[in-house]
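A look at the structure
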Amino acid sequence: MEILITATAVLSAAVHVLIFYWESVAWTRPAVWKRFGLPSQQDAETTKALAYNQGFYNLFLAIGALLGVILYAAGLVGAGLAIGLFSVGSMVAAALVLVSSGRGRVRSALVQATFPLLTVVLVLVRLATSAS
């Protein structure tokens, strides 16, 4: 079970590092701003600072998920679970906020939330089975 939890947490981080790259590094490239539904290069330029900031939020969540995995593997189980679950839980919450901003965002929210939600479920199953 720990291997699955680790894999889904690392995949959660990887998706959020990719989102960081798109938002904070490559935002004004047509392939990127079109992916995010912007109608023009001018809109990408106008929103560049906002995307840059948002990208770093995604990076920090990814770092938290990875730090949780590292601490857990190093034997600091409580700290690893706390930091890791906070990070992936925040990823799921952010995806819910994304969905609340419009029905056209459901696919993006699913991409953003699938691995983090799997991580949370697997951790809860693991905790439930180890308690009994």
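Numbers given to residues run from 1 along each chain, matching the order in which its sequence is written. This being a predicted model, a pLDDT of at least 70 is required before a residue's local features are given, and a value of 80 or more before pairs of side-chain atoms are given or counted; all residues contribute to the totals for chains, interfaces and linings. Side-chain descriptors were evaluated using all non-hydrogen atoms of the structure, hydrogens and water having been removed beforehand.

Under the scheme used here, helices are H or I runs from DSSP no shorter than 4 residues and strands are E runs no shorter than 2 residues, and both carry numbers assigned from the N terminus. A tally of regular secondary structure across the protein chain gives six helices and zero strands. Its helices and strands taken in sequence order, the protein chain reads α-α-α-α-α-α from the N to the C terminus. Expressed as a percentage of the 132 residues in the protein chain, the buried residues total 33%. Contact definition: two residues touch when any of their heavy atoms are within 4.5 Å. Contacts in the protein chain between residues at least 24 apart in sequence constitute 59% of all its contacts with a sequence separation of at least 6. Here's how the labels work: a residue is buried when its accessible area is under 20% of the maximum for its type, exposed when over 50%, partly exposed in between, all with a 1.4 Å probe on protein chains only.

Another point: the side chain of S12. Locating S12 in the fold gives a position in helix 1 (residues 2-25). Engagement of the side chain of S12 in a polar contact is seen with the backbone oxygen of T8, the distance being 2.7 Å. What qualifies as a polar contact is a pair of N or O atoms within 3.5 Å, subject to a donor-acceptor requirement within protein and to the restriction that residues adjacent in sequence count only when both atoms come from side chains.

The subject of this paragraph is the environment of L18. Inspection of the secondary structure puts L18 in helix 1. Taking the C-alpha atoms as reference points, L18 and V121, separated by 103 residues in sequence, lie 23 Å from one another.

Before going further, it helps to spend a moment on the UniProt feature "transmembrane region" (unreviewed entry) in the protein chain. UniProt positions are given in the numbering used here, feature names are shortened, and annotations may be inferred rather than shown by experiment. Under the UniProt annotation, "transmembrane region" (unreviewed entry) lies at residues 6-25, 56-74, 80-98 and 110-129. Between the C-alpha atoms that bound residues 56-74 the distance is 26 Å, and the span itself is 95% helix and 0% strand.

The topology assignment puts S24 in helix 1. Exposure remark for S24: the relative accessible area of 13% places this residue in the buried category. Within the structure, S24 has its side chain in polar contact with the backbone oxygen of Y52 (distance 2.8 Å). Ignoring anything within four residues of it in the chain, the contact list for S24 reads A51, Y52, G55 and F56.

Our focus in this paragraph is helix 5 (residues 77-100). Each helix should span, by expectation, one fewer than its residue count multiplied by 1.5 Å. The end-to-end C-alpha distance of helix 5, which contains 24 residues, comes to 34 Å, matching closely the 34 Å that a straight helix rising 1.5 Å per residue would cover. Residues of helix 5 that are buried make contact with helix 1, helix 4 (48-73) and helix 6 (106-131). One or two residues past the end of helix 5 sits G102, with phi positive at roughly 155°.

Glancing now at the packing of aromatic side chains. Stacked, tilted and edge-to-face are the three classes applied to pairs of Phe, Tyr and Trp rings, where Trp contributes its six-membered ring and a pair requires centres within 6.5 Å; stacked means planes under 30 degrees apart, edge-to-face means over 60, and tilted covers the rest. One pass over the full model with this rule turns up five aromatic pairs. Residues F20 and F56 carry aromatic rings whose centres are separated by 5.0 Å and whose planes lie at 75° to one another, so their mutual orientation is edge-to-face. On the criterion of sequence distance, the pair formed by F20 in helix 1 and F56 in helix 4 is long-range, its members being 36 residues apart. One aromatic cluster is present, built from ring pairs that chain together F20, Y52, F56 and F60. A ring is considered to have a charge above it if a Lys NZ or an Arg CZ atom is located within 6 Å of its centre and within 35 degrees of its normal. Sitting above the plane of the W22 ring, R35 keeps its charged end 4.2 Å from the centroid.

Throughout this description, the term nonpolar core refers to a set of buried Ala, Val, Leu, Ile, Met, Phe, Trp, Tyr and Cys residues connected via side-chain atoms within 4.5 Å. Grouped together as the largest cluster of nonpolar side chains are ten residues: V15, I19, W22, A26, W27, V32, W33, L38, A44 and A51. Secondary structure elements with two or more residues in this core: helix 1 and helix 2 (30-35). Broken down by element, this core gets its largest block of residues, three residues, from helix 1. Once residues lying within four places of it in the same chain are set aside, the contact partners of L38 are W27, W33, D43, A44 and T47. Residues A13, A62, A65 and V88 belong to the second largest nonpolar core, which totals six residues.

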